[in-house]
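Architecture and fold: a report
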Amino acid sequence: MASETKTAAPAVPDSDQHVRRGRRGFPLLPGGYGRDAYHTGAAPVYAVRGEGHRLWDDRGRELIDANNNFTTLVHGNAHPQIVEAATRAMDSGACWGIPNLGEWELADLLLQRLPGLDQVRFTNSGTEAVMSAVRVAREVTGRTGVIMTRGGYHGSSDVALCAGGEQSARGVPESTVREVSLVPLNDIDSLRQVIEEKPHHHAAIVLDLLPNRAGLISVTADFLRAARELADQHGILLVIDEVISLRIGAGGLSGEYGIVPDLLTAGKLIGGGFPVGALAGREEFMRVLDPRSKGSIPHSGTFSGNPVSMAAGTEALRLLSPDTVARLNRLGDQARRVVAARVEPLGWEVRGAGSLLRVFPAGVTGVDRETQHRLWWAAYDRGLLLSSANLAALSTPMTTEVVGDLADRLADAVAAVAEATP
């Protein structure tokens, strides 16, 4: 059982009184936050130090880190081999204006896991990787339309934000919104209808096979096969976003389904804790990025493929062997079983796959923001750090005992929230 059983921390009103201010009296960061994903409805906590599966904050709390920078740190905090690889790279120079050999090494390791794909271009984030995938698809097909599943998340580019609906797409030009067609997750008929209504309009179908923001509900094998078949029939590129799900299988989640995309985006864990993104694809499509070819499309980025991210990412991928992935997935199964047994009588359920899990009130697709915030603070009060959307991501330093403790703390947090809900 959890070592702490305090009552749920209240979701107190947010305030900017805690933040540092500039000379003109305003918070140095908008609202005091460097990114929206940090916001949990109350004055934030700040990380001070991390080691393995643990993190310490500025309030003096030691936490089980199940946030892991939103699934990035698959090997936990400050893994010594990754730290050594990154330090060694920095000692030689953090970035240069000519290529570095680390790009070849990480690309080779990544493609070994992705049979059927031939080439890689590195970016600075998953957002940039998806942006590049859409642009390549548009160039290859000569079309502009993009299909995504409703409620998904593929980064913060204008096109990607359209998947989140009207609130998410605020500030995005209407002309961009019109180019994005949204279909319900796993609705084959809707996907077919959208394509057949405009058979020569769409350049790409972009899919996340385990979309967290859409409720952490897996894409079905039938839906993915239909997407592959429809893409082939209509000359559309199938893009699979594995920025998060690459951790779930030795060849990513698409490998578990046995489906080869035309383009695949990766990020997060392949940087070993440093900024990174990657676009992998078949040569016939990736060749439009070859600067030696007449009419190629330009792609750059001052820090794309920088030697520190490449070195840390290479070590992270080496450490994430097929056996290690299988072990993490077994721990995920263990956590889901324990949490499910505790929360189902309370009217909640647990979802996820592999080393990812998240709790929801039973039968709902999503969780309202206030409930998310209450659960985050209830978990924090019990020494467990979740993502702001309550996603838990396991890491390789975690043992069976740690995962059991994590599951108990999460279940205790759900119980506190359930008991306080009218």
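The coordinates are above.
Report on the accompanying structure. Given the structure is predicted, the values throughout are model-derived calculations rather than measurements.

1. Here we look at helix 11 (residues 307–319)
Here helix 11 spans 18 Å end to end across 13 residues, near enough to the 18 Å set by a 1.5 Å rise per residue. Of all 13 residues in helix 11, eleven are buried; the element is thus mostly enclosed. Taken residue by residue, helix 11 has Pro 307, Val 308, Ser 309, Met 310, Ala 312, Gly 313, Thr 314, Glu 315, Ala 316, Leu 317 and Leu 319 as its buried positions. Among the structural elements, helix 2 (80–92), helix 3 (101–112), strand 4 (119–123) and helix 12 (322–343) are those in contact with the buried residues of helix 11. N-cap assignment for helix 11: the residue whose side-chain oxygen lies 3.1 Å from the backbone N of Val 308 is Asn 306.

2. Some points on the sheet that holds strand 11 (residues 348–353)
Pairing is antiparallel in the open sheet, where three strands are placed in the order 11-12-14. A single partner strand is all that each edge strand has here, and the edge strands are strand 11 and strand 14 (391–393). Each adjacent strand pair in this sheet contributes to an overall mean axis angle of 25°, direction not counted. Here three bridges tie strand 12 (residues 356–361) to strand 14, and the two strands are oriented antiparallel to one another. Bridge pairing in strand 14 places Arg 358 opposite Leu 391. Across the sheet, helix 12 touches strand 11 and strand 12, and the angle it forms with strand 11 is around 165°.

3. Quick notes on the layout of surface pockets
To locate leftover empty space, one rolls a probe as large as a water molecule over the atoms. Approximately 1700 Å³ is the volume attributed to the largest pocket. In terms of lining residues, the largest pocket is bounded by 49 residues, among which Ala 37, Phe 70, Tyr 153, Gly 155 and Arg 213 are the most central. Elements that contribute at least two residues to the lining of the largest pocket include exactly helix 1 (68–71), helix 4 (126–141), helix 5 (158–161) and helix 13 (369–381). A class-by-class count of the residues in the lining of the largest pocket yields 16 nonpolar, 25 polar and eight charged. Two domains share the lining of the largest pocket, each providing at least three of its residues, namely domain 1 (36–77 + 322–420) and domain 2 (80–319). When its volume is computed, the second largest pocket comes out at roughly 940 Å³. Broken down by element, the lining of the second largest pocket gets its largest block of residues, five residues, from helix 3. Partitioning the lining of the second largest pocket into residue classes produces 14 nonpolar, ten polar and eight charged.

4. Observations regarding the packing of helix 7 (residues 188–197) against helix 8 (residues 221–234)
Taken N-terminus to C-terminus, the directions of helix 7 and helix 8 make an angle of 15°; their axes are 10 Å apart at the nearest point. Judged by the inter-axis angle, helix 7 sits roughly parallel to helix 8. For helix 7 against helix 8, the interelement crossing comes out right-handed. Judged by residue contacts, Ile 188, Leu 191, Arg 192, Ile 195 and Glu 196 of helix 7 engage Asp 222, Phe 223, Ala 226, Ala 227, Leu 230 and His 234 from helix 8. Of the residues contributing to the contact of helix 7 with helix 8, the split by class is seven nonpolar, one polar and three charged.

5. Some points on the sheet that holds strand 3 (residues 62–65)
Spatially, the four strands line up as an open sheet ordered 1-2-3-13, and their pairing is mixed. Looking at which strands have only one partner, the edges of the open sheet turn out to be strand 1 (47–51) and strand 13 (384–385). In the packing of helix 14 (residues 400–420) onto the sheet, contacts are made with strand 3 and strand 13, and the angle to strand 3 comes to roughly 105°.

6. Quick word on the side chain of Ser 254
Topologically, Ser 254 is positioned in helix 9 (residues 252–257). With relative accessibility at 3%, the residue Ser 254 sits in the buried group. Ignoring sequence-local partners within four residues, the contact set of Ser 254 consists of Leu 209, Ile 240, Glu 242, Ile 259 and Leu 264.

7. Looking at the pairing of strand 5 (residues 145–149)
With five of its five residues buried, strand 5 lies for the most part within the structure. Here strand 5 runs beside strand 7 (residues 202–207); their pairing, made up of four bridges, is parallel. Bridging from a neighbouring strand, Ile 147 pairs with Ile 205 of strand 7. Bridge analysis of strand 5 against strand 6 (residues 180–183) gives four bridges, and the strand direction is parallel. By the bridge assignment, Met 148 is partnered in strand 6 with Leu 182.

Cut-offs and rules
Residues numbered from 1 in each chain as written. Predicted model: local features only at pLDDT ≥ 70, side-chain atom pairs only at ≥ 80, totals over all residues. Heavy atoms only, no water. Helix = DSSP H or I, 4+ residues; strand = E, 2+ residues; numbered from the N terminus. Expected span 1.5 Å × (residues − 1). Buried < 20%, exposed > 50% of the residue type's maximum accessible area, 1.4 Å probe, protein only. Contact = heavy atoms within 4.5 Å. Polar contact = N/O pair within 3.5 Å; in protein donor to acceptor, adjacent residues only side chain to side chain. Pairing = 2+ DSSP bridges. Axes fitted to C-alpha atoms, helices over the stretch in contact; angles between N-to-C directions. 1 Å grid on protein atoms, 1.4 Å probe; cavity = no way out; pocket = protein on both sides within 12 Å on 5 of 7 lines; lining within 4 Å. Points joined across faces, edges and corners; volume = space filled by probe spheres on them. Nonpolar A, V, L, I, M, F, W, Y, C, P; charged D, E, K, R; others polar. Domains from an automatic or database assignment. Parallel < 35°, antiparallel > 145°, perpendicular 65-115°, else oblique. Left-handed = near helix turned anticlockwise from the far one by under 90°.

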